[in-house]
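Okay, here's what each chain looks like letter by letter:
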Amino acid sequence: MPRIEPLTPPYPADIAGALDRWMPPGVPHEPLALFRVLHRNPALASRMFALGAGLLGHGSLHAVDRELVIARVTARADCAYEWGVHAATLARQAGLGPEQLRASAAPGAATDPVFTPRQAALMGAVDELHETARLSDPAWTALRAHYTDAQLLELLVLIGWYRTISCLANGLLLEDEPWAQPFPSR
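All of these numbers come straight from a predicted model, not from anything done at the bench.

## With respect to the overall build of the chain
(1) Moving on: In terms of regular secondary structure, the chain is built from 10 helices and 0 strands.
(2) Moving on: For 186 residues, the compact-globule estimate of 2.2 N^0.38 gives 16 Å, and the chain sits close to it at 16 Å.
(3) Moving on: Principal-axis analysis of the C-alpha atoms places the extent of the chain at approximately 50 × 35 × 30 Å.
(4) Moving on: The buried share among the 186 residues of the chain stands at 45%.

Below, the structure is given as structure tokens:
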């Protein structure tokens with residue numbers, strides 16, 4: 001049971017409108033439990049929406065790179081909730097296959113042959129930042145070979161954002177969405 005219960009319908013009109021903005025158009029699911037919990041503090045939810053929506057819908061990273069990073073960050077944070085939501089929806093839409101998703105949750109992902117050199121650089125960067133909150137010169141150089149300055153800044157923010165989301169979902173003890181992809185066993 002979550003530590004803070006998600007809101008349930010019927011929602012007040014302002015909350016219903018906000019939740020509609022948080023969900024992609026045409027999604028056949030109820031708003032995510034994470035979103036419904038966040039709307040217990042509408043001012044905080046509103047501030048978070050700007051960055052989250054910007055990273056997902058208006059970023060300069062390729063969708064497949066963005067989703068691979070999100071998969072690795074959430075896997076390293078042991079956040080089955082967020083990993084499963086993205087694996088079932090946005091990761092597949094971006095073109096990540098089952099083998100890449102599985103590998104994103106495995107130890108040593110940066111050396112898994114399923115990943116291209118660009119993707120391996122992403123996996124290595126996520127792992128280093130997870131372990132040390134720093135990037136070594138070799139990790140930075142590997143990223144630099146594939147990304148512009150603007151994309152590198154976005155990448156660092158994306159990694160930190162999904163670490164924050166993982167802490168939020170894990171700290172709240174959110175239960176997996178019923179339609180989410182199950183987290184791979186290790």
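So much for the structure itself; the text now carries on.
## Digging into the packing of aromatic side chains
To describe a pair of aromatic rings, one takes the distance between the centres and the angle between the planes.
(1) Moving on: Applying the stated rule across the entire model yields 3 aromatic pairs.
(2) Moving on: Residues W22 and F49 carry aromatic rings whose centres are separated by 5.5 Å and whose planes lie at 40° to one another, so their mutual orientation is tilted. Placement of the pair is W22 in helix α1 (residues 13-22) and F49 in helix α3 (residues 42-57), with a sequence separation of 27 residues.
(3) Moving on: In this structure W22 comes out as buried when scored by relative accessible area, which is 15%.
(4) Moving on: For F49, a relative accessible area of 27% puts it in the partly exposed group.
(5) Moving on: Residues W83 and F183 carry aromatic rings whose centres are separated by 5.4 Å and whose planes lie at 90° to one another, so their mutual orientation is edge-to-face. Of the two residues, W83 sits in helix α5 (residues 80-88) while F183 sits in the segment after α10 (149-172), which places them 100 residues apart along the sequence. A single burial state applies to W83 and to F183, both of which are buried.
(6) Moving on: Put simply, the rings of W22, F35 and F49 pair up and form one aromatic cluster.

## Examining the side chain of T74
(1) Moving on: Following the sequence through the fold, T74 ends up in helix α4 (residues 63-76).
(2) Moving on: A relative accessible area of 0% places T74 in the buried class.
(3) Moving on: Only 2.8 Å separates the side chain of T74 from the backbone oxygen of I70, close enough to count as a polar contact.

## Here's the deal with unusual backbone geometry
(1) Moving on: The step from P9 to P10 runs through a cis peptide bond, and the omega angle for that step is 0°.
(2) Moving on: Position of P10 relative to the elements: it lies in the segment before α1.
(3) Moving on: For A133, which is not glycine, the phi dihedral falls at a positive 60°.
(4) Moving on: On the secondary structure map, A133 appears in the loop between α8 (117-132) and α9 (137-144).

The rules behind the values
- Residues numbered from 1 in each chain as written.
- Predicted model: local features only at pLDDT ≥ 70, side-chain atom pairs only at ≥ 80, totals over all residues.
- Heavy atoms only, no water.
- Helix = DSSP H or I, 4+ residues; strand = E, 2+ residues; numbered from the N terminus.
- Rg over C-alpha atoms; globule rule 2.2 N^0.38 Å.
- Buried < 20%, exposed > 50% of the residue type's maximum accessible area, 1.4 Å probe, protein only.
- Phe/Tyr/Trp six-rings, centres within 6.5 Å; stacked < 30°, edge-to-face > 60°.
- Polar contact = N/O pair within 3.5 Å; in protein donor to acceptor, adjacent residues only side chain to side chain.

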